[in-house]
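# Secondary and tertiary structure notes
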Amino acid sequence: MRGPGSLVWLSLSALSCGFPASAQSQQPPVVQAPGPETPVGRQHPGPQLPGSISGTVVDGSGAVVVGARVTLTRADQSPPQEVLSGEYGQFSFSNAVPGTFQIRITAAGFATQTSSGILHSGETYLVPASTLTPAAIDTEIQVGASQTEKAEEQIRVQEKQRVLGVVPNFYVSYIPNPVPLSSKQKFELAWKTMIDPVTFGLTGISAGVQQAQNVFPAYGQGAQGFSKRFGAAYVDAATSTFIGNAILPSLLKQDPRYFYKGTGSVPSRILYAIANSVICKGNNQRWQPNYSAIVGGLAAGGISNLYYPAQDRGAALVFENTAIGTGTTAVFNLFQEFVVKKLTPRVPKNDLSQP
C-alpha cells in the first residue's frame, strides 16, 4: 500500500506526460554544429564533360566550300584550334571544353564570317550552316591605290638621300624591287632635282671652271660670259633630266633610277654598274635597253645647238654631249655602287642588301 508520497509522485508523473517536452525543462536545447562532411546550403556541381562542335561551310549558292580555315576560340583565353573544311564542307572539333566559344571562318575570295555559341557539358553542338559571301569587288582598285602610295613613300625616302647630307642623290633606289614610278612621279622627281639649291650651286661651279679654262671663248669673260656659261650648263642639265628621266621614261614605260646592287663579287658589281649606263628596268620589272637615256642625250644635244656659240654647233656637239653623258653615267654608277652609299647618312632602313 502506497502512502501519500506515492500519490504525489504519481500525480507529478501523469502531469509530466501530458505536456510538451519544452515545458518539461527550462534548459535550452543543445544543437550540434554541422561537421565538414555535412555542409549546409552548398551543392557540389557535377563533373564538366567535354563536348564537340561541328558544322558545314557553304557558299551563297549552297555549294560546299572545301579547304576553308575554321578557327575555334574560347572565352577562357585557351589556345585557339584550327581545322580545314573537308571535301563535303564539314568541320568538327572534338573534346571541346564547355563554355562560351567563337567560330571564325576564312576562305580565299570570301569575306570572313564569325559566329558564337555556348557549349554545355557533354553536348554535341551543331553550328548552323555557315554561308560565306564573296569578298568586296573593289579589292583590285584598292591594291592599285596602295601601289601608288608605296611609290610615293619610296620617293619621299629618296628625296632625303643626300651625299654628305648635302648633295641630292634622288635617282638611286636602295630598296630591293621598288614599286615602279608613275608618269606624274617621274616629272615630280625631275622638277625637285632641278630646283634644288645644290643643283644651282654645282652648275655655278661648272660654269666657273669653264670660264677659267675659257671653254666656249665666244661667250667672253666677266659676268656676262659667266652668265652665258651658267645658263648653257643649266639648260643642258634641265633638258637632259626632263627628257631622259621624265618624258621618255613615261612614254617608253622605263624607270630612270639606278638600282643599287650591293651584293656579289667586285667584278660583277663593276660590270653591273657600267651596264646600267645603257640598260634600265622597265615598269614591268624587266631589264631592257635604256632608250630613254640614249635618245634623251641625243635630244638634249640637239637642243643645245640653239644656244651654244655658232662655231661650236653641229652634229659633233650632239654626239659629243651624248657620249660624255653616257660615260659620266657609267662613272656615276660606279661611285654609287662602291662609295656613295657610305657617304649618304639617310638610306632606307629596310634595305636588304649588304653594303
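Residues numbered from 1 in each chain as written. Predicted model: local features only at pLDDT ≥ 70, side-chain atom pairs only at ≥ 80, totals over all residues. Heavy atoms only, no water.

### Examining the overall build of the protein chain
This is how the line gets drawn: Numbering of helices and strands runs from the N terminus, with a helix taken as a DSSP run of H or I at least four residues long and a strand as a DSSP run of E at least two residues long. For every residue, the accessible area (1.4 Å probe, protein chains only) is compared with the maximum for its type, and the residue is labelled buried under 20%, exposed over 50%, or partly exposed between those bounds. Any two residues having at least one pair of non-hydrogen atoms within 4.5 Å are treated as being in contact. The accessible surface values rely on the Shrake-Rupley method and a 1.4 Å probe; as for residues, cover is taken only from the protein chains in view.
Along the backbone of the protein chain there are 9 helices and 14 strands. When each of the 355 residues of the protein chain is scored for burial, the buried share is 33%. For the protein chain, long-range pairs separated by at least 24 residues make up 61% of all intrachain contacts whose partners lie at least 6 apart in sequence. With the model as given, the accessible surface of the protein chain reaches about 21500 Å², and the carbon-plus-sulfur share is 63%.

### Observations concerning the nonpolar core
Put simply, the test is: We define a nonpolar core as any set of buried Ala, Val, Leu, Ile, Met, Phe, Trp, Tyr and Cys residues linked to one another through side-chain atoms lying within 4.5 Å.
Among the nonpolar cores identified, the biggest contains 17 residues, and Ile53, Val57, Val70, Phe101, Ile103 and Ile105 are the most heavily contacted of them. Mapped by element, the contributors of at least two residues to this core are strand S1 (51-59), strand S2 (69-74), strand S4 (90-96) and strand S5 (99-106). Leaving out residues up to four positions away in the same chain, isoleucine 53 has contacts with Leu72, Phe91, Ser92, Phe93, Ala96, Phe101, Ile103, Leu119, Tyr125 and Val127. By size, the runner-up hydrophobic cluster in this structure holds 9 residues, among which are Tyr258, Phe259, Tyr272 and Ala273.

### Digging into the pattern of salt bridges
In plain terms, the rule: Salt-bridge detection follows one rule: a side-chain nitrogen of Lys or Arg within 4 Å of a carboxyl oxygen of Asp or Glu.
Under the criterion given, the structure shown has 6 salt bridges. Glutamate 82 is the partner of arginine 69 in a salt bridge, and the nearest nitrogen-oxygen pair spans 2.9 Å. Of this pair, arginine 69 sits in strand S2 while glutamate 82 sits in strand S3 (residues 81-84); the two residues are 13 residues apart in sequence, bridging distant segments of the chain. Overall, glutamate 82 belongs to the partly exposed group, its relative accessible area being 49%.

### Brief notes about the side chain of serine 292
For clarity, the cut-off: As used in this structure description, the phrase polar contact means that two N or O atoms lie within 3.5 Å; if the pair is within protein, one of them must be able to donate a hydrogen and the other to accept it, and residues adjacent in sequence are counted only when both atoms belong to side chains.
Relative to the assigned elements, serine 292 resides in helix H8 (residues 291-304). The exposure class of serine 292 is buried, given its relative accessible area of 1%. At a separation of 2.7 Å, a polar atom in the side chain of serine 292 contacts the side chain of glutamine 254. When neighbours within four sequence positions are excluded, serine 292 is seen to be in contact with Gly244, Leu248, Pro249, Leu252 and Gln254.

### Considerations on the packing of helix H5 (residues 197-212) against helix H6 (residues 222-252)
To keep it simple, the criterion reads: Every angle, taken between N-to-C directions, lies between 0 and 180 degrees, and every axis is a line fitted to C-alpha atoms, over only the stretch in contact when it is a helix. Oblique is the label for any angle not under 35 degrees, not over 145, and not in the 65 to 115 range, which are roughly parallel, roughly antiparallel and roughly perpendicular in turn. Two helices that cross are described as forming a left-handed crossing if the nearer one is turned anticlockwise from the farther one by less than a right angle, and a right-handed crossing if clockwise. When residues are grouped by polarity, Ala, Val, Leu, Ile, Met, Phe, Trp, Tyr, Cys and Pro land in nonpolar, Asp, Glu, Lys and Arg in charged, and all others, Gly among them, in polar.
Taken N-terminus to C-terminus, the directions of H5 and H6 make an angle of 125°; their axes are 8 Å apart at the nearest point. Taken as axis vectors, H5 and H6 run oblique relative to one another. When the axes of H5 and H6 are compared, the crossing they make is right-handed. On H6, the residues that touch Thr199, Phe200, Thr203, Gly204, Ala207, Gly208, Gln210 and Gln211 of H5 are Gly222, Gly225, Phe226, Arg229, Phe230, Ala233 and Tyr234. For the contact of H5 with H6, the residue count by class is 6 nonpolar, 8 polar and 1 charged.

### Here's the deal with the confidence of the model for the protein chain
To keep things clear, this is the line we draw: The score called pLDDT rates the predictor's confidence residue by residue, from a low of 0 to a high of 100.
With 81% of its residues at a pLDDT of 70 or more, the protein chain shows a mean pLDDT of 81. Contacts from residues 1-42, a stretch scored under 50 in pLDDT, to residues over four places away or in other chains number 4 contacts. Confidence drops under a pLDDT of 50 for residues 138-144, and excluding neighbours within four residues, the segment shows 0 contacts in the predicted structure.

### As for a nonpolar patch on the surface
Definition in use: Only residues above 30% relative accessible area that lack a salt bridge enter a patch, with like-charged residues linked at up to 9 Å and the nonpolar side chains Val, Leu, Ile, Met, Phe, Trp and Tyr linked at up to 5 Å.
Among the surface-exposed residues, Phe187, Ile247, Leu251, Leu252, Val278, Tyr291, Ile294, Val295, Leu298 and Phe319 lie close enough to one another that they form a single nonpolar patch of about 870 Å² accessible area. Only H6 and H8 provide two or more residues apiece to the nonpolar patch. If you tally residues by element for the nonpolar patch, the top one is H8, at 4 residues. By relative accessible area, valine 295 is classed as partly exposed at 39%.

### Quick look at the packing of aromatic side chains
Note the cut-off: Any two of the Phe, Tyr and Trp rings considered here, Trp counted by its six-membered ring, make a pair once their centres fall within 6.5 Å; the pair's planes then place it as stacked at under 30 degrees, edge-to-face at over 60, or tilted in between. Think of it as a cone above the ring: NZ of Lys or CZ of Arg counts as a charge over the ring if it is within 6 Å of the ring centre and within 35 degrees of the ring normal.
Applying the stated criterion to the full structure yields 9 aromatic pairs. Pairing tyrosine 272 with tryptophan 287 gives two aromatic rings, centres 6.0 Å apart and planes at 90°, and the pair type is edge-to-face. Here tyrosine 272, found in helix H7 (residues 266-275), pairs with tryptophan 287, found in strand S14 (residues 287-289); they are 15 residues apart in sequence, far enough to count as distant. The exposure class assigned to tryptophan 287 is partly exposed, which follows from its relative accessible area of 40%. Over the face of the ring belonging to tyrosine 272 we find lysine 261, whose NZ or CZ atom lies 5.9 Å from the ring centre. We note lysine 281 situated over the ring of phenylalanine 259; from NZ or CZ to the ring centre the distance is 4.9 Å.

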